[in-house]
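Notes for the structure review
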Amino acid sequence: MISGIKLAPSILSADFLHLGAQISEAEAAGADYIHIDVMDGRFVPLITMGVPTVEAVRRTTTLTLDIHLMVVEPERQIGPFIDAGGDIINVHIEAATHVHRIVQEVRRRGKRAGVSLNPGTPVTAVEEILPEVDQVMVMSVNPGWSGQRFIENAVAKVRRLREIIDLGNLQAEIEVDGGVTPQIAPRCVASGANVLVAASAVFNDRASISENMERLREALEAIRREA
Ligand code: DX5
Ligand code: ZN
């Protein structure tokens, strides 16, 4: 962890044939969470990973598993993903009709509850639930794929959320997900985020996982020195 900032590599762009080794390398390079993108082919077009993947990842690491449920009717999925080993269960506010009940259930089971907002969803959509959640995830791409370009409105949304959380003395952490690179990461942190998800900036064929993690860490250390 870099002075309170957590890095959450997303395995969405990992090499699935060598997933265990890739996760071990990310862990050795200082990953705080492993972010797992669950897509159902309905909330978003693709189908990605499910319960068996989470179970397998759970067996290979003790890191916090940050489960990002991009699914419709998330209330039907929280139990299975908790049983599979998820630690933070994030549901999309756009998909959760009874978000309060979902958050209560996740916490009753001793896990951390997160809510995610699509780029077009205003911060006000999560204001009432903020005191009840452990994490709020600001999507900085439209969910569905890794490797997309960072959408700028996320910066202002993070800033507004940080104000509300600090003013209310709330505990929710702010995670940014999508298009995070060593160039973008410092701006997310400067606006008040403290958890950064990165898929294609960590798992790519340009450099090793540890080199990529190092680049993110160096970019964040640089702003700390300037502050
Ligand atoms: C997008 C996923 C993200 C994605 C991020 O739907 O929620 O977690 O993996 O990928 P990058 O970091 O490549 O934008
Ligand atoms: Zn995600």
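Residues numbered from 1 in each chain as written. Chains lettered and ligands numbered in written order. Predicted model: local features only at pLDDT ≥ 70, side-chain atom pairs only at ≥ 80, totals over all residues. Heavy atoms only, no water.

Description of the packing of helix 1 (residues 19–28) against helix 7 (residues 209–226)
How we decide: Axis lines are fitted through C-alpha atoms, for helices just across the contact stretch, and the angle between N-to-C directions can take any value from 0 to 180 degrees. Only DSSP runs of H or I covering at least 4 residues are called helices, and only runs of E covering at least 2 are called strands; the numbering of each starts at the N terminus. Helix crossings get a hand from a simple test, with the near helix turned counterclockwise from the far one by less than a right angle marking a left-handed crossing and a clockwise turn marking a right-handed one. In this analysis, two residues are considered to be in contact whenever any of their non-hydrogen atoms come within 4.5 Å of each other. Residues are grouped as follows: Ala, Val, Leu, Ile, Met, Phe, Trp, Tyr, Cys and Pro are nonpolar; Asp, Glu, Lys and Arg are charged; all remaining types, including Gly, are polar.
Orientation of helix 1 relative to helix 7, taken along the N-to-C sense of each, is 35 degrees, at an axis distance of 9 Å. In this structure, helix 1 crosses over helix 7, and the sense of that crossing is right-handed. Taken together, the residues of helix 7 that come into contact with helix 1 (itself represented by Gln22, Glu25 and Ala26) are Ile209, Ser210 and Met213. Looking at the contact of helix 1 with helix 7, its residues break down into three nonpolar, two polar and one charged.

Considering the site of ligand 1
This is how the line gets drawn: One heavy atom within 4 Å of a molecule or strand is enough for the residue carrying it to be called near that molecule or strand. Definition of a polar contact: a pair of N or O atoms within 3.5 Å, with one able to donate and the other able to accept a hydrogen when the atoms are protein atoms, and with sequence-neighbouring residues admitted only if both atoms are side-chain atoms.
By nearness alone, 20 residues border ligand 1, and Gly144, Gly147, Asp177, Gly179 and Ser200 come closest of all. In the environment of ligand 1, an oxygen atom lies 3.2 Å from a nitrogen or oxygen atom belonging to the side chain of Ser10. The contact in question runs from an oxygen atom of ligand 1 to an N or O atom on the side chain of His68, over 3.1 Å. Put simply, the parts of the chain that give the shell around ligand 1 at least two residues each are strand 2 (33–39), strand 3 (64–70) and strand 8 (195–198). With three residues, the single largest contributor to the shell around ligand 1 is strand 2. Residues that form the shell around ligand 1 fall into these classes: nine nonpolar, nine polar and two charged.

Some words on helix 4 (residues 99–108)
Condition: For the exposure calls, accessible area comes from a 1.4 Å probe over protein chains only, and a residue counts as buried if that area is under 20% of its type's maximum, exposed if over 50%, partly exposed in between. Taking the helix axis as origin, the arc is that swept by the directions to the C-beta atoms.
All of the buried residues along helix 4 are Val99, Ile102, Val103 and Val106. Each buried residue of helix 4 sits inside an arc of 95 degrees when the element is viewed along its axis, so together they form one side. Residues of helix 4 that are exposed and angled more than 90 degrees away from the buried face: Arg101 and Arg108. Looking at the buried residues of helix 4, the elements they touch are helix 3 (78–83), strand 4 (88–92) and strand 5 (112–117). Once helix 4 finishes, Gly110 follows within two positions and takes phi at roughly 80 degrees, a positive value.

Comments concerning the packing of helix 1 against helix 2 (residues 51–60)
Each packed pair of helices is defined by two parameters, the angle between the axes and the distance between the axes. In plain terms, the rule: We call two directions roughly parallel when the angle between them is under 35 degrees, roughly antiparallel when it is over 145, roughly perpendicular when it lies between 65 and 115, and oblique otherwise.
Two elements in contact, helix 1 and helix 2, have axes separated by 10 Å at closest approach and are oriented at 50 degrees. With respect to helix 2, the axis of helix 1 lies oblique. As for how helix 1 packs across helix 2, the hand of that crossing is right-handed. Touching Leu19, Gly20 and Ile23 of helix 1 are Thr53, Val57 and Thr60, all from helix 2. For the contact of helix 1 with helix 2, the per-class residue count stands at three nonpolar, three polar and no charged.

As for the coordination of the zinc ion (ligand 2)
Rules: Metal donors were taken as nitrogen, oxygen and sulfur atoms no farther than 2.8 Å from the ion, or 3.2 Å where the ion is Na, K or Ca. Water is excluded, so coordination may look unfinished. Under the classification used here, a metal with four donors is tetrahedral if each angle lies between 85 and 135 degrees, square planar if opposite donors are over 155 degrees apart and the others between 65 and 115, a six-donor metal meeting that same test is octahedral, and anything else is irregular.
For the zinc ion (ligand 2), every protein donor is listed as His35 (NE2), Asp37 (OD), His68 (ND1) and Asp177 (OD), and the spread of their distances is 2.1 to 2.3 Å. Each of the six donor atoms around the zinc ion (ligand 2) contributes to a set of angles spanning 71 to 170 degrees, which defines the coordination as octahedral. In the primary structure, the donors to the zinc ion (ligand 2) are separated according to the pattern H-x1-D-x30-H-x108-D. Separated by 33 residues along the polypeptide, His35 in strand 2 and His68 in strand 3 bring together distant segments of the chain. Across the pair, exposure class does not vary: His35 and His68 are buried alike.

Some details on the layout of surface pockets
The condition that has to hold: Think of a 1 Å grid over just the protein atoms. A cavity is a set of points where a 1.4 Å probe fits yet cannot get out, a pocket is an open set with protein on both sides within 12 Å along at least five of seven lines, and lining residues have an atom within 4 Å of a point. Grid points are joined across faces, edges and corners, and a volume is the space filled by probe spheres set on the points.
There is about 270 Å³ of room inside the largest pocket. In this structure, the largest pocket is lined by 25 residues; those nearest its centre are Ser146, Gly147, Gly178, Gly179 and Ala199. Elements with a minimum of two residues in the lining of the largest pocket: strand 2, strand 3 and strand 8.

Describing the sheet that holds strand 8
As a reminder, the rule being used: DSSP bridges decide pairing: two strands pair if at least two such bridges lie between them.
If you walk across this open sheet you meet the eight strands as 1-8-7-6-5-4-3-2, and the pairing is parallel. Here the strands that pair on one side only, and so sit at the sheet edges, are strand 1 (6–9) and strand 2. When strand polarity is set aside, the average angle formed by the axes of neighbouring strands in this sheet is 25 degrees. The pairing of strand 7 (residues 173–177) with strand 8 spans three bridges and is parallel. Bridged to Glu175 within strand 8 is Val195. Against the sheet, helix 4 engages strand 4 and strand 5, with an angle of about 150 degrees to strand 5. Sheet strands touched by helix 7: strand 1 and strand 8. Its angle to strand 1, the strand with the most contacts, is close to 155 degrees.

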